[in-house]
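Chains, contacts and geometry: an overview
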Amino acid sequence: GPDPLITEVQPWAQGLGDGVDATPYGLPIEFESDVIRRNVPWLTADPISSINFTPIHALDGTITPQGCAFERHHSGAIELAKPDYRLMVNGLVEKPLVFTYADLERFPRENHVYFCECAANTGMEWAGAQLNGAQFTHGMIHNMEYTGVSLRTLLEEAGADLSGDKWVYVEGADASSNGRSIPMEKALDDVLVAFKANGEALRKEHGYPVRLVVPGWEGNMWVKWLRRIEVMDGPVESREETSKYTDVMEDGSARKWTWVMDAKSVVTSPSPQSPITHGAGPLVITGLAWSGHGRITRVDVSKDGGMTWETARLAREGENKALTRFYLDTEWDGSEMLLQSRAMDETGYVQPTKAQLREVRGLNSVYHNNCIQTWHVKENGEAENVEVS
Amino acid sequence: ESYGLGREALPEEIAAWDLDVSPDGTGLPPGSGSVEDGEAIFAEACGACHGVFAEGVGNWPKLAGGDGTLANEDPVKTVGSYWPYLSTTFDYVHRSMPFGNAQSLTADEVYAITAYILYSNFIVEDDFVLSNDNFTEVEMPNADGFFVDDRAETEYPIWSGEPCMQNCKDSVEITMRATVLDVTPEETAEEAAPAAEEAAAEPAPEAAVEETAAVDPELAAAGEKVFRKCSACHQVGEGAKNRAGPQLNGIVGRDIGGVDGFRYSGTMADHGGVWDEATLAAFLADPRGTFKGTKMAFAGLKKEDDVAAVIAYLKDASANAN
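Residues numbered from 1 in each chain as written. Chains lettered and ligands numbered in written order. Predicted model: local features only at pLDDT ≥ 70, side-chain atom pairs only at ≥ 80, totals over all residues. Heavy atoms only, no water.

Moving on, we come to the environment of Val248 of chain A. Looking at the element boundaries, Val248 of chain A is found in strand E14 (residues 247-248). Judged by relative accessible area, Val248 of chain A falls into the buried class, the value being 0%. Those residues in contact with Val248 of chain A that sit more than four places away from it in its chain are Ser253, Ala254, Arg361, Asn364 and Ser365 of chain A together with Leu70, Lys77 and Tyr82 of chain B. (Helix = DSSP H or I, 4+ residues; strand = E, 2+ residues; numbered from the N terminus. Buried < 20%, exposed > 50% of the residue type's maximum accessible area, 1.4 Å probe, protein only. Contact = heavy atoms within 4.5 Å.)

This is how it looks when you write it as structure tokens:
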């Protein structure tokens, strides 16, 4: 029969909605209340030093709204007001300087879209399929348009020694300080001292009022609440670059300074938290791809666990060190699928399988797991995180 | 090009912030500390999370042990088994520990704690004294255990080029399923609940509202912020559990040392009596002065306003926990 939603006058078509200013700063409509960050409580000892995950299974396009972009804190998200903000540049400089927030706004600004991925993204999956959802397996990532001043500008302002063998040590104003050492070549290349994301001020949880943006490199180096930049002769070898964020190989030796995030992709829908609900027929398979080495050039999708592949459509041409959205507009016959995606970047690198990664690194790496992910989509449209031969 | 922005950093300012210590000892403040002193300081300042023998409590990091496990299935990465530089330990403790009370330790205390962590890893003897003079003489067991990122040589060449598109494998089997492990958090009813249900649920805790009427909401809100210092070890409110410290629901009016299942210090367990506001205020201002021997590794709240605010918050949060 006829659809009453069409044939009957609905309240929203008769009465009135909210006036302007009902919500001076709006949040998503109530029907979207499940599109939120989530954490995995057993991962860490305490939510103050922990991580949560972006609901990538429920988002589309490439820009991550700040309100649901994953958070990682080492001693909690602090409240630091702009008037209390100071940024020091010292060390091997002609003149050590202190900037206020207002000072930073007077330098020439740049705008760039970059992804920020925690080195531990997908880290729980090394030993086997563990977490059932793209949010949990791949949600330690976000992608924002940043506005800020290049780190190079601030280093030059202080008359820093910019020789290629120097290092830049950066730390935050929070109790963890989360200090990291960055080689000068990278510091001068594309590192940004950012104060806006997606057009508005950074959120508290992302380092308000100022954070570092280190394009293509692991998220831990994107120091939040940035308070100090020191030019040095060598790396500090801080806790976050020795005890953590180093990669133990099978023989017990460990890789260090593994800063770049290699090319990676994941199908975000269908996926365990985003099952197929419409039965057989037209189906949009979609996902995200990214590379810390530059642009994504191609993404292939397999429905049979990697036996055959077809090339997906990129929503837009891949952008440097930013998320790329891909679509495979397909027909689903209602049978089981083993869905995979495989990214390639401008260097010719091809995203490896988990077996290939394990062959080189063993099982104990924790960080930098960029393996091909498999979702088992069942006949009823539900999906599960699996590993395949 | 110079923009002439910013001002020159003063030496005192640089000294206050430039605390990092490098592997060659650059940045070490003058000072010293013994294993013996470190044992006591560690027990008080670090033991609640890291264990009095640095063995770790619950999910908190183990700082000792794990020798020879790095090639095992589950390597135990501690200061002794994994950390390549001693400077990292000093640097991190000095700047960022204890958790929730960073930069409260003197240089000598940090030397002592570092010495004790070395001792707990069998790297030095019990009569060892660590100082800025002998710091770089300590040999870390895993100093040679690291190599610089070699992915460009060992991985990129083999994972490049035109990938297979057809007949890439003969067959595919599922070898593991996430649902077998069942470690994925449930999406809780609370977050998925439609707005109508939430509204219906709201007026429930009426009794609690009456009790909290006596608490100044602004003071309680201020106390909630101060309580962040405490929240590394203590929980309060609905579902609060004992962690490094006992849960604090109903603390005002509760028996001292009275939470079942929490291992109190002898001092606290044997004290008797109840926590009234005056006792609690004295304890919060000076924990170890008020209850000598308490396990609570916290220096105390220096401001009277903060003490009052935290007590207001504890009362408020306890009431809302019902």
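Now that the structure is up, let's keep going.
The figure often quoted for interface size is the accessible area lost as the parts come together. Residue and element names in this part refer to chain B. Parsing chain B into structural domains produces domain 1 (16-137) and domain 2 (209-320). Each of domain 1 and domain 2 has a C-alpha centre, and these two points are 29 Å apart. Between domain 1 and domain 2, the residue contacts involve seven residues of the former and seven residues of the latter. Carbon and sulfur atoms make up 59% of the surface buried where domain 1 meets domain 2, a total of about 650 Å² over both sides. Of all residues in domain 1, Glu44, Ala48 and Asn101 bury the most surface against domain 2, accounting for 58% of the area lost on that side. The tally of links between domain 1 and domain 2 comes to zero salt bridges. The tally of links between domain 1 and domain 2 comes to zero residue pairs in polar contact (both at pLDDT 80 or more). Classifying every residue of the side of domain 1 that touches domain 2 by side-chain character gives four nonpolar, two polar and one charged. (Domains from an automatic or database assignment. Buried area = accessible area lost by both parts, 1.4 Å probe. Salt bridge = Lys/Arg side-chain N within 4 Å of Asp/Glu carboxyl O. Polar contact = N/O pair within 3.5 Å; in protein donor to acceptor, adjacent residues only side chain to side chain. Nonpolar A, V, L, I, M, F, W, Y, C, P; charged D, E, K, R; others polar.)

Our focus in this paragraph is the side chain of Asn364 of chain A. Residue placement: Asn364 of chain A occurs in the loop between helix H7 (354-361) and strand E23 (374-377). Asn364 of chain A gets classed as buried once you look at its relative accessible area, which sits at 15%. At 3.2 Å, the side chain of Asn364 of chain A and the backbone oxygen of Glu73 of chain B are in polar contact. Residues in contact with Asn364 of chain A, not counting those within four places in the same chain, are Val248 of chain A together with Leu70, Asn72, Glu73 and Pro75 of chain B.

All of the buried residues in H7 of chain A are Lys354, Leu357 and Arg361 of chain A. Down the axis, H7 of chain A shows its buried residues gathered within 65° of arc, on one side only. Turned more than 90 degrees off the buried face of H7 of chain A, the exposed positions are Ala355 and Glu359 of chain A. In this structure, the buried residues of H7 of chain A make contact with E14, strand E15 (254-256) and strand E24 (383-388) of chain A together with helix H6 (151-154) of chain B. Gly362 of chain A, located one to two residues past H7 of chain A, shows a positive phi value of around 80°. (Arc of directions from axis to C-beta.)

A separate point is a nonpolar patch on the surface. Residues and elements named next belong to chain A. Together, Leu5, Ile6 and Trp12 line one region of the surface with nonpolar side chains, adding up to about 430 Å² of accessible area. Tracing the backbone through its elements, the reader meets Trp12 in helix H2 (residues 11-14). Overall, Trp12 belongs to the exposed group, its relative accessible area being 65%. (Patch = residues over 30% accessible without salt bridge, like charges linked within 9 Å, V, L, I, M, F, W, Y side chains within 5 Å. Areas by Shrake-Rupley, 256 points an atom, 1.4 Å probe, with all protein chains shown as cover.)

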